[in-house]
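What follows is the residue order along each chain.
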Amino acid sequence: MPPKFDPNAVTYVYIRATGGEVGAASSLAPKIGPLGLSPKKIGDDIAKCTGKDWKGLRVTVRLTVQNRKATCEVVPSAGALVIRALKEPVRDRKKEKDIKHDGNLAIDDVYEIAREMRPRSCAKFFSGTVKEILGTCHSVGCTVDRKHPQEVMKMIDDGELVCPDE
């Protein structure tokens, strides 16, 4: 016989989902089914949670399950934050593949993203977190203040560009 269900236990489930879209219930079922939750209902909750700000972007959603009640919150990655800051129009991911994100970000936008990512960063100083975000900008393919992100990193290393403290 399985152990008795503890109503006070808090369980975290992390799921990658496309913002504003209801994921397949079959992919949610193995993670959520053992906790006694309905995959279809959770899929609708995730779509509602990610619908406004993250429409069309792949984000990580953290489900907090306690007493068979789930609350969802978005845990954005650096890439999702950078793409959202580019303010690109929503695309249909089934029709348009291999999208080039060739926009431009202001350095203040990079600082804002770095402040949001600071608790999860491995860097010792805030400038290191900014450089992590600049590396993400490089991989996404956008520019920062009309310069290549590697040039901005070089400017931070040389002391030409001083990062604020947090």
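This text goes with the structure placed above it.
Definitions and limits used
- Residues numbered from 1 in each chain as written.
- Predicted model: local features only at pLDDT ≥ 70, side-chain atom pairs only at ≥ 80, totals over all residues.
- Heavy atoms only, no water.
- Helix = DSSP H or I, 4+ residues; strand = E, 2+ residues; numbered from the N terminus.
- Contact = heavy atoms within 4.5 Å.
- Areas by Shrake-Rupley, 256 points an atom, 1.4 Å probe, with all protein chains shown as cover.
- Pairing = 2+ DSSP bridges.
- Axes fitted to C-alpha atoms, helices over the stretch in contact; angles between N-to-C directions.
- Parallel < 35°, antiparallel > 145°, perpendicular 65-115°, else oblique.
- Left-handed = near helix turned anticlockwise from the far one by under 90°.
- Nonpolar A, V, L, I, M, F, W, Y, C, P; charged D, E, K, R; others polar.
- Buried < 20%, exposed > 50% of the residue type's maximum accessible area, 1.4 Å probe, protein only.
- Arc of directions from axis to C-beta.
- Core = buried A, V, L, I, M, F, W, Y, C linked by side-chain atoms within 4.5 Å.
- Phe/Tyr/Trp six-rings, centres within 6.5 Å; stacked < 30°, edge-to-face > 60°.

In this section: the overall build of the chain. The helix and strand inventory of the chain stands at six helices and five strands. Listing the helices and strands of the chain from first to last along the sequence gives β-α-α-β-β-α-β-α-α-β-α. Considering only residue pairs separated by 6 or more positions, the chain has 60% of its internal contacts joining residues 24 or more positions apart. Counting only carbon and sulfur atoms, one obtains 53% of the accessible surface of the chain, whose full area is about 10,300 Å².

Okay, the pairing of strand E3 (residues 69-75) next. Inspection of the sheet shows strand E2 (residues 58-66) paired to E3 by seven bridges, in the antiparallel sense. For Gln66, the partnering residue across the bridge sits in E3 and is Lys69. Adjacent in sequence and paired antiparallel, E2 and E3 are bridged by two residues, among which Asn67 carries a positive phi angle near 55°.

Right, let's get into the packing of helix H4 (residues 107-117) against helix H5 (residues 126-140). Two elements in contact, H4 and H5, have axes separated by 9 Å at closest approach and are oriented at 110°. Of the possible angle classes, the one that applies to H4 and H5 is roughly perpendicular. For H4 against H5, the interelement crossing comes out right-handed. Residues Val110, Tyr111, Ile113, Ala114, Arg115 and Met117 of H4 touch H5, and the partners they reach there are Phe126, Thr129, Val130, Ile133, Leu134 and Cys137. Partitioned by chemical class, the residues of the contact of H4 with H5 number ten nonpolar, one polar and one charged.

Looking now at the sheet that holds strand E1 (residues 10-18). As summarised here, the arrangement of the three strands in space is E1-E2-E3, forming an open sheet in which the pairing is antiparallel. Looking at the sheet topology across the chains shown, the edges are occupied by E1 and E3. Between one strand axis and the next, the sheet turns through 25° on average, direction left out of account. Along the sheet face, helix H2 (residues 39-50) touches E1, E2 and E3 and points at about 35° away from the line of E3.

Here we take up H4. Helical periodicity: at 3.6 residues per turn, an α-helix aligns residues three or four positions apart in one direction. Regarding H4, the residues found buried are Ile107, Val110, Tyr111, Ile113, Ala114 and Met117. For H4, the buried positions fall inside an angular range of 165° around the axis, keeping them on one side. For H4, the elements touching its buried residues are helix H3 (78-85), strand E4 (104-105), H5, strand E5 (143-144) and helix H6 (149-158).

A separate point is the environment of Leu63. If you trace the backbone, Leu63 turns up in strand E2. Between the C-alpha atoms of Leu63 and Asp45, which are 18 residues apart in sequence, the distance is 9.9 Å. If near-sequence neighbours (up to four positions away) are discounted, Leu63 is found in contact with Thr11, Tyr12, Val13, Ile15, Ile32, Ile42, Ile46, Thr71 and Cys72.

Val110 and Ile133 are the most contacted members of the largest nonpolar core, which totals 40 residues. Secondary structure elements with two or more residues in this core: E1, helix H1 (25-32), H2, E2, H3, H4, H5 and H6. Not counting chain neighbours up to four residues away, the residues in contact with Val110 comprise Leu105, Val130, Ile133, Leu134, Cys137 and Val144.

Here Thr60 lies in strand E2. Looking at Thr60, the relative accessible area reads 19%, which means it is buried. With residues up to four places along the chain from it excluded, the contact list for Thr60 reads Tyr14, Ile15, Arg16, Glu73, Val74 and Val75.

Attention now goes to the packing of aromatic side chains. Applying the stated criterion across every chain, the model contains one aromatic pair. With 6.4 Å between their ring centres and 45° between their planes, Tyr111 and Phe126 make a pair best called tilted. On the criterion of sequence distance, the pair formed by Tyr111 in helix H4 and Phe126 in helix H5 is long-range, its members being 15 residues apart. Across the pair, Phe126 and Tyr111 agree in class, each one buried.

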